[in-house]
Structures are given as C-alpha cells and as structure tokens.
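Architecture and fold: a report
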Amino acid sequence: MMFPPRYSNPDYWKESGIIQEARFQMSLSGGSGGQNVNKVSTKAEIYWSPEKSTVISDDARARILEKIPTKIDKDGEIRVTCDTSRSQLQNKKTAIDKLAILIAFCFKENKPRKASKPTFSSVNKRLEGKKIQKDLKANRRKGNYDL
C-alpha cells in the first residue's frame, strides 16, 4: 500500500499524537560523570506500543510491525533511550526525535535500483581471464610436436 509522503517525515510523527500515547521513564545514567550521574535521573526512556495505538491506522500499524520487528519487545512496545546529555529535558527531546525518526523510517520508500553497465576495464579483465584459461586448456591437449 502507498502511504502519503508526510509519513516519512519525522516531524509529522512528533505532531501526530503518538507522544501523548507514549510512556516516559527516567532513570540514572550509567558511565562516567561523577556526582551528577550518581544522583540525578537524566536518562530518558520512551515506551510506545504500536499495537495499542489509537492514533495510527491499521495499515500503518502493520507496516511498522513488519519493518521493525527487532525493535519491538515481547510486550509489543518500542523502547527508545537517550542518556547523552546531562539534562533530563534534553535527553527527553532527543528520545522523542529518535522515536519519530524510527517510525518515519518504516514509511521511507526505497528508490528502485537501476542496473548499470559493466565498466570498460572490467570487461577487458574478464576477457583477459578467459584468454588465459583458453591457453591453459589448449596446452593440455595432445598435439603434433614437430621439432
């Protein structure tokens, strides 16, 4: 099924209402960073279930489930995390962007591949290989050895 071009735009998905359906969870970030990492919950996690969504159509739901089955956990939720920034708000915005990009990726139409012609050098290389093979086989034949 053909989907409107706007479906492949991440901004469309940010404004579509899936963010209101998503569940946010904040936790401590791992790794180095000193006291800020140990006491401030800056890691943002978004959980969104395409199966339970009321915002998207059945066709769009099927497309998402078909395109990114590895990103969906056993509960049927897509989980996106971000802990790159020291700011909880910035990590939340980045996680929303990641989710929108992931969903938009499902609707991106790939251009059909155009077959290309072999290059001049590749044709010559192939013919040269055939000539070498021909000479090898010709030398194996029994022949008249006029000395």
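Residues numbered from 1 in each chain as written. Predicted model: local features only at pLDDT ≥ 70, side-chain atom pairs only at ≥ 80, totals over all residues. Heavy atoms only, no water.

1. Structural notes on the packing of aromatic side chains
Tallied over the full model, the rule gives seven aromatic pairs. Ring centres 5.4 Å apart and planes at 20 degrees place the aromatic pair tryptophan 13 and phenylalanine 107 in the stacked group. In this pair, tryptophan 13 is assigned in helix α1 (residues 10-15) and phenylalanine 107 in the loop between α5 (88-106) and α6 (120-140), connecting sequence segments 94 residues apart. Linked through ring pairs, Phe3, Tyr7, Tyr12, Trp13 and Phe107 together constitute an aromatic cluster. The positively charged end of lysine 92 is found above the aromatic ring belonging to phenylalanine 24, 4.6 Å away from the centroid. (Phe/Tyr/Trp six-rings, centres within 6.5 Å; stacked < 30°, edge-to-face > 60°. Helix = DSSP H or I, 4+ residues; strand = E, 2+ residues; numbered from the N terminus. Lys NZ or Arg CZ within 6 Å of the ring centre and 35° of its normal.)

2. Considering the pairing of strand β3 (residues 78-82)
The two faces of β3 differ: Ile78, Val80 and Cys82 on one face are buried, but Arg79 and Thr81 on the other face are not. The sheet contact formed by strand β2 (residues 43-48) and β3 spans five bridges and is antiparallel. Bridging from a neighbouring strand, tryptophan 48 pairs with isoleucine 78 of β3. (Buried < 20%, exposed > 50% of the residue type's maximum accessible area, 1.4 Å probe, protein only. Pairing = 2+ DSSP bridges.)

3. What to know about the nonpolar core
Membership of the largest hydrophobic core comes to 26 residues, with the highest contact counts inside it found for Trp13, Trp48, Ile64, Ile78, Leu99 and Phe107. Listing elements by their share of this core, those giving two or more residues are α2 (18-21), β2, α4 (58-67), β3 and α5. The leading source of residues in this core is α5, at eight residues. Each residue touching isoleucine 78, except ones within four places of it in the same chain, is listed here: Ile46, Tyr47, Trp48, Pro50, Ile64, Ile68, Lys71, Ile72, Leu99 and Leu102. (Core = buried A, V, L, I, M, F, W, Y, C linked by side-chain atoms within 4.5 Å. Contact = heavy atoms within 4.5 Å.)

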